Amino acid sequence: MNRPFGLLAELTYRCPLSCAYCSNPVTLAEYGDELTTAEWCRVFEQAQELGVLQLHLSGGEPLLRRDVVELAATARELGMYSNLVTSALGLDRRRAERLRAAGLDHVQVSVQADEQEMSDRIAGTRSFDRKIEACRLVKELGWPLTLNVVLHRQNIHRVGDLLALAEELDADRIELANTQYYGWAWRNRDALLPSRAQLAEAEPVVSAARARLAGRMEVVYVLPDYYSRYPKPCMGGWAERQLTVAPNGDVLPCPAAQSLPLPRASVREDPLERIWTSSPLFESYRGTDWMPDPCRGCDRREIDFGGCRCQAFQLTGDAGRTDPVCHLSPDHHLVDEAVRVANGEPVELELVPRPHRAGAS
Ligand code: SF4
Ligand code: FES
């Protein structure tokens, strides 16, 4: 059995932004009972013993946790490479300097667009100027900076401007990632899925920038898998390389797995090692034995692992089916239908913003 390489620590689902593409669960109310500092430190220790080398401090907005500096220091003591995945709201100079001193290795800042009006509208709050200020601070303090942009129907036409912004900020890396349809994004899918024409326009812009910026800035472009012939090898295979710990201590093979009707696993009840090696949740879709046709006899079964279990569940109601994104899947018509809608007559669909926290708006 492989050991996990990366841990996504979702410290909290509270967030000052309310992006409609958020992949956090729609059942936010279940995650209010957050792990304490001591519990998180124990999780990190157990993760390190299990072989984890990379720790992503994420959310929600991880900076809403008062103990984030202490958690970054623990990661450093354990020798793990730590990455802060943030909206940058709350990354003022004092906090940033403390995080730097604590040994945080990398900062990833999300922006919603390349200019204020659109970025703030998508984020649901005034935030763009503070994000840009924080990006400059990240560079000033000597951190590597990744700019992360979730692309969708309303901002994909700005990829050229987004790349120019990343260049101006001297980012080391930009991730232009088309929306993955989980959580709130799933609820808003039809308003977010870009058209084929939009993708065709964006692609050469990204390719040209990638060639021009080679050696200076890494440009990562994630296509929407609804337009692919084959599914993505989600998480590098179920329970093969990564694990996620949710704010309440639930342990998951991927950030969206809490939506699946599978037995729970929690760091409050079991050590990570036992969960990784033998919990029914992690064992459910590990390897290839669980696969149905057509994956079972397919040459690509150890390349894409049958695609994404969460996507299969969302689209078919059965997480054990072939990801309908695959053109060989008997359920592929479900993806075709969404793509047909995205390429039909444009209709203005209202986005449902995620709330800042359960019960709020
Ligand atoms: Fe991948 Fe299954 Fe499609 Fe083959 S049939 S390409 S293994 S999803
Ligand atoms: Fe859960 Fe792909 S997001 S398996």
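Bear in mind the structure is a predicted one, so any value in this text is a computation, not a measurement.

J.: Even after reading the chapter, I still don't get the site of ligand 1, so can you show me in this structure?
T.: Every residue close to ligand 1 is listed here: Tyr-230, Pro-231, Pro-294, Cys-295, Cys-298, Arg-300, Arg-301, Asp-304, Gly-306, Thr-322, Cys-326 and Leu-328. More than half of the atoms of ligand 1 fall within 2 Å of the grid points belonging to the second largest cavity. Partitioned by chemical class, the residues of the shell around ligand 1 number 7 nonpolar, 2 polar and 3 charged.

J.: How should I be thinking about the packing of aromatic side chains in this particular structure?
T.: By convention here, two paired aromatic rings are described through the distance between centres and the angle between planes. Going through the model one piece at a time under the given rule, you end up with 6 aromatic pairs. On the basis of an interplanar angle of 75° and a centroid distance of 5.0 Å, the ring pair of Tyr-13 and Tyr-31 is categorised as edge-to-face. Placement of the pair is Tyr-13 in the loop between β1 (6-10) and α1 (37-50) and Tyr-31 in the loop between β1 and α1, with a sequence separation of 18 residues. With respect to class, Tyr-13 is no different from Tyr-31; both count as buried. An aromatic cluster is defined as three or more aromatic residues linked by ring pairs; in this entry it consists of Trp-238, Tyr-285 and Trp-290. Here the basic side chain of Arg-286 rests over the ring of Trp-276, its NZ or CZ set 5.0 Å away from the ring centre. Its end group placed over the ring of Tyr-230, Arg-300 keeps NZ or CZ at 3.9 Å from the ring centre.

J.: Can you help me understand empty space enclosed by the protein in this one?
T.: The probe, sized like a water molecule, is rolled over the atoms to show the empty space still left. Taken as a whole and judged by the stated rule, the model has 2 cavities of 30 Å³ or more. In this structure, the largest cavity encloses a volume near 110 Å³. Tallied by class, residues from the lining of the largest cavity come to 10 nonpolar, 3 polar and 3 charged. Tyr-230, Pro-231, Pro-294, Cys-295, Cys-298, Arg-300, Arg-301, Asp-304, Gly-306, Thr-322, Cys-326 and Leu-328 are the residues that line the second largest cavity. Its residues assigned to classes, the lining of the second largest cavity shows 7 nonpolar, 2 polar and 3 charged.

J.: Help me out: how do you make sense of the sheet that holds strand β3 (residues 81-86) in this one?
T.: Pairing between the strands of a sheet comes from backbone hydrogen bonds, and it takes one of two forms, parallel or antiparallel. Strand order in the open sheet formed by 9 strands is β7-β6-β5-β4-β3-β2-β1-β8-β9, with mixed pairing between adjacent strands. Strands at the two margins of the open sheet, each flanked by one partner only, are β7 (218-222) and β9 (251-252). Bridging between strand β2 (residues 54-58) and β3 involves 4 bridges; their strand directions are parallel. Paired with His-56 across the strands is Asn-83, a residue of β3. Lying over the sheet, helix α6 (residues 159-168) contacts β5 (145-151), β6 (173-178) and β7, oriented at roughly 155° with respect to β6. Here helix α9 (residues 196-213) sits on the sheet in contact with β6 and β7, set at roughly 160° to β7.

J.: What is the right way to read the pattern of salt bridges from this model?
T.: Where side chains of opposite charge bring their charged atoms close, a pairing between them can arise. The final tally for this structure, using the stated rule, is 27 salt bridges. Residue Lys-139 is joined to Asp-170 by a salt bridge in which the shortest nitrogen-to-oxygen separation is 4.0 Å. In this pair, Lys-139 is assigned in helix α5 (residues 128-140) and Asp-170 in the loop between α6 and β6, connecting sequence segments 31 residues apart. When its relative accessible area of 23% is taken as the criterion, Lys-139 is described as partly exposed. Asp-170 sits in the partly exposed class, given a relative accessible area of 49%. Salt bridges linked by common partners bring Arg-14, Glu-34, Arg-65 and Asp-67 together as one network.

J.: For this particular structure, what's the right way to read the domain arrangement of the chain?
T.: In many analyses, interface size is given as the accessible surface area lost on bringing the parts together. Taken as a whole, the chain is organised into domain 1 (6-227) and domain 2 (234-329). In this assembly, 30 residues from domain 1 lie in contact with 26 residues from domain 2. Buried surface at the junction of domain 1 and domain 2, summed over both partners, amounts to about 2300 Å²; 57% is from carbon and sulfur atoms. Here domain 1 and domain 2 share 2 salt bridges between them.

Quick notes on the rules
- Residues numbered from 1 in each chain as written.
- Chains lettered and ligands numbered in written order.
- Predicted model: local features only at pLDDT ≥ 70, side-chain atom pairs only at ≥ 80, totals over all residues.
- Heavy atoms only, no water.
- Near = heavy atom within 4 Å.
- 1 Å grid on protein atoms, 1.4 Å probe; cavity = no way out; pocket = protein on both sides within 12 Å on 5 of 7 lines; lining within 4 Å.
- Sits in = over half its atoms within 2 Å of the grid points.
- Nonpolar A, V, L, I, M, F, W, Y, C, P; charged D, E, K, R; others polar.
- Phe/Tyr/Trp six-rings, centres within 6.5 Å; stacked < 30°, edge-to-face > 60°.
- Helix = DSSP H or I, 4+ residues; strand = E, 2+ residues; numbered from the N terminus.
- Buried < 20%, exposed > 50% of the residue type's maximum accessible area, 1.4 Å probe, protein only.
- Lys NZ or Arg CZ within 6 Å of the ring centre and 35° of its normal.
- Points joined across faces, edges and corners; volume = space filled by probe spheres on them.
- Pairing = 2+ DSSP bridges.
- Contact = heavy atoms within 4.5 Å.
- Axes fitted to C-alpha atoms, helices over the stretch in contact; angles between N-to-C directions.
- Salt bridge = Lys/Arg side-chain N within 4 Å of Asp/Glu carboxyl O.
- Domains from an automatic or database assignment.
- Buried area = accessible area lost by both parts, 1.4 Å probe.

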